[in-house]
Amino acid sequence: NAGVTQTPKFRILKIGQSMTLQCTQDMNHNYMYWYRQDPGMGLKLIYYSVGAGITDKGEVPNGYNVSRSTTEDFPLRLELAAPSQTSVYFCASSYSIGQGASGNTIYFGEGSWLTVV
Amino acid sequence: QQPVQSPQAVILREGEDAVINCSSSKALYSVHWYRQKHGEAPVFLMILLKGGEQKGHDKISASFNEKKQQSSLYLTASQLSYSGTYFCGTDPGTGNQFYFGTGTSLTVIP
């Protein structure tokens, strides 16, 4: 059972480059999330999606874009990478009906370590 | 929007107890607790739903006071394996966003 799979695990980008972090889940979850975690800090919500074709901004969306064309995939696009985007990125998913994400476990991918130099 | 946790860090000896608090400025529908080991993804511990319930398994339990918009995680008779960073996650029940707290670093020493 794969769960939430993120690729790549490690990446070094130069300032101004663009890249896409891939995220796939095989649990048929409707909710998917992208978080970033700076060293020694908590998780900040970048974008989230409640189903295919529906995405919305979280706390720190600037410099990122997402799409959700299928239930399984939720890629995160970094445009014009900046040193401030150096972080660990976690994709997560959960299944929920009704009120938000309540009452259901959020499953995380293993993380993607991104360095912008 | 991000809930605040206290303390920021705590060091315990094996067998000691600890309490980690999570406080939100928004009314909450549920609170989640996760533990993250260094270099790994967060792992689910438990969920508490609106209703002021208390949950627990093994020597880790939690309470949720919806009126005070607070939750507390209780770790009793701590073990070395309890070391890590603990995060609360909160859902206001309106909209679909889910926010994690500032984190509490817990270190258990022999």
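For the structure itself, look to the data block above.
Residues numbered from 1 in each chain as written. Chains lettered and ligands numbered in written order. Predicted model: local features only at pLDDT ≥ 70, side-chain atom pairs only at ≥ 80, totals over all residues. Heavy atoms only, no water.

Colleague: Could you give an account of the overall build of chain A, with specific residues and numbers?
Modeller: For chain A, the count of helices and strands is 0 helices and 11 strands. The secondary structure elements of chain A, listed N-terminal to C-terminal, are β-β-β-β-β-β-β-β-β-β-β. Taken against the 2.2 N^0.38 rule, which gives 13 Å for 117 residues, the C-alpha radius of gyration of chain A at 14 Å falls within 12% of a compact globule. Expressed as lengths along the three principal axes of its C-alpha atoms, the size of chain A is roughly 40 × 25 × 25 Å. Looking at the 117 residues of chain A, the share that counts as buried comes to 48%. When contacts within chain A are restricted to residue pairs at least 6 apart in sequence, long-range pairs at least 24 apart make up 55% of them. Carbon and sulfur atoms provide 52% of the accessible area of chain A, an area that totals close to 5,400 Å². (Helix = DSSP H or I, 4+ residues; strand = E, 2+ residues; numbered from the N terminus. Rg over C-alpha atoms; globule rule 2.2 N^0.38 Å. Buried < 20%, exposed > 50% of the residue type's maximum accessible area, 1.4 Å probe, protein only. Contact = heavy atoms within 4.5 Å. Areas by Shrake-Rupley, 256 points an atom, 1.4 Å probe, with all protein chains shown as cover.)

Colleague: Outline the state of the cysteines, supporting the account with residue identities and numerical values.
Modeller: If you walk through the whole model with that rule in mind, you get 2 disulfides over all chains. In this model A:C23 forms its disulfide with A:C91; the gap between the sulfur atoms is 1.8 Å. Sign of the S-S torsion, about -75° for the bond between A:C23 and A:C91, identifies this disulfide as left-handed. With A:C23 in strand 3 (residues 19–25) and A:C91 in strand 9 (residues 87–94), this pair connects stretches of sequence that are 68 residues apart. In this pair, the class of A:C23 matches that of A:C91, namely buried. Across the disulfide from B:C22 sits B:C88; the S-S distance is 2.0 Å. In this structure, the disulfide formed by B:C22 and B:C88 twists by about 70° around the S-S bond and is classed as right-handed. A residue pair is termed long-range when its members are at least 10 positions apart, and B:C22 in strand 3 (residues 18–23) and B:C88 in strand 9 (residues 84–91) qualify at 66 residues. (Disulfide = S-S within 2.5 Å.)

Colleague: Provide a residue-level description of the pairing of strand 6 (residues 54–57) of chain A, including the pertinent values.
Modeller: The side chains of a regular strand alternate between the sheet's two faces. All names here are of chain A. Note that strand 5 (residues 43–51) and strand 6 share 3 bridges and pair antiparallel. Bridge assignment links G51 to a residue of strand 6, and that residue is I54. The hairpin formed by strand 5 and strand 6 contains 2 residues between the paired strands, and G53 there has a positive phi angle of roughly 85°. (Pairing = 2+ DSSP bridges.)

Colleague: Could you give an account of the interface of chain A and chain B, with specific residues and numbers?
Modeller: Opposite the 27 residues of chain A that make contact, chain B presents 24 residues. Both faces considered, chain A and chain B share a buried interface measuring about 2,000 Å² in area, 60% of it formed by carbon and sulfur atoms. The interface formed by chain A and chain B holds 0 salt bridges in total. Where chain A touches chain B, the interface holds 2 residue pairs in polar contact (both at pLDDT 80 or more). Looking at the side of chain A that touches chain B, the elements with two or more residues in it are strand 4 (31–37) and strand 5 of chain A. Per-element accounting of the side of chain A that touches chain B gives the leading share, 5 residues, to strand 5 of chain A. Per-class residue counts for the side of chain A that touches chain B are 13 nonpolar, 10 polar and 4 charged. (Buried area = accessible area lost by both parts, 1.4 Å probe. Salt bridge = Lys/Arg side-chain N within 4 Å of Asp/Glu carboxyl O. Polar contact = N/O pair within 3.5 Å; in protein donor to acceptor, adjacent residues only side chain to side chain. Nonpolar A, V, L, I, M, F, W, Y, C, P; charged D, E, K, R; others polar.)

Colleague: For the pattern of salt bridges, give the residues involved together with the corresponding values.
Modeller: Residues and elements named next belong to chain A. Under the defined criterion, the tally for this structure stands at 3 salt bridges over all chains. The partner of E79 in a salt bridge is R77, with the nearest N and O atoms 3.2 Å apart. Its relative accessible area of 35% is what places E79 among the partly exposed residues.

Colleague: Tell me what's going on with the side chain of B:S72, and back it up with residues and numbers.
Modeller: Residue and element names in this part refer to chain B. Among the structural elements, S72 can be located in strand 8 (residues 70–75). By relative accessible area, which is 13% here, S72 ends up buried. At a separation of 2.7 Å, a polar atom in the side chain of S72 contacts the side chain of N21. Residues in contact with S72, not counting those within four places in the same chain, are V19, I20, N21, W33, S61, A62 and S63.

Colleague: Could you give me a rundown of the sheet that holds strand 7 (residues 64–66) of chain A, with the residues and numbers involved?
Modeller: All names here are of chain A. In spatial order, the strands read 1-3-8-7; together these 4 strands make up an open sheet with antiparallel pairing. Taken across any chain shown, the strands that pair with only one partner, and hence form the sheet edges, are strand 1 (4–7) and strand 7. Strand-to-strand twist across the sheet, computed as the mean angle between neighbouring axes with direction ignored, equals 20°. Pairing analysis gives 3 bridges linking strand 3 to strand 8 (residues 76–78), with the strands arranged antiparallel. Note that in strand 8 the partner of L21 across the bridge is L76. (Axes fitted to C-alpha atoms, helices over the stretch in contact; angles between N-to-C directions.)

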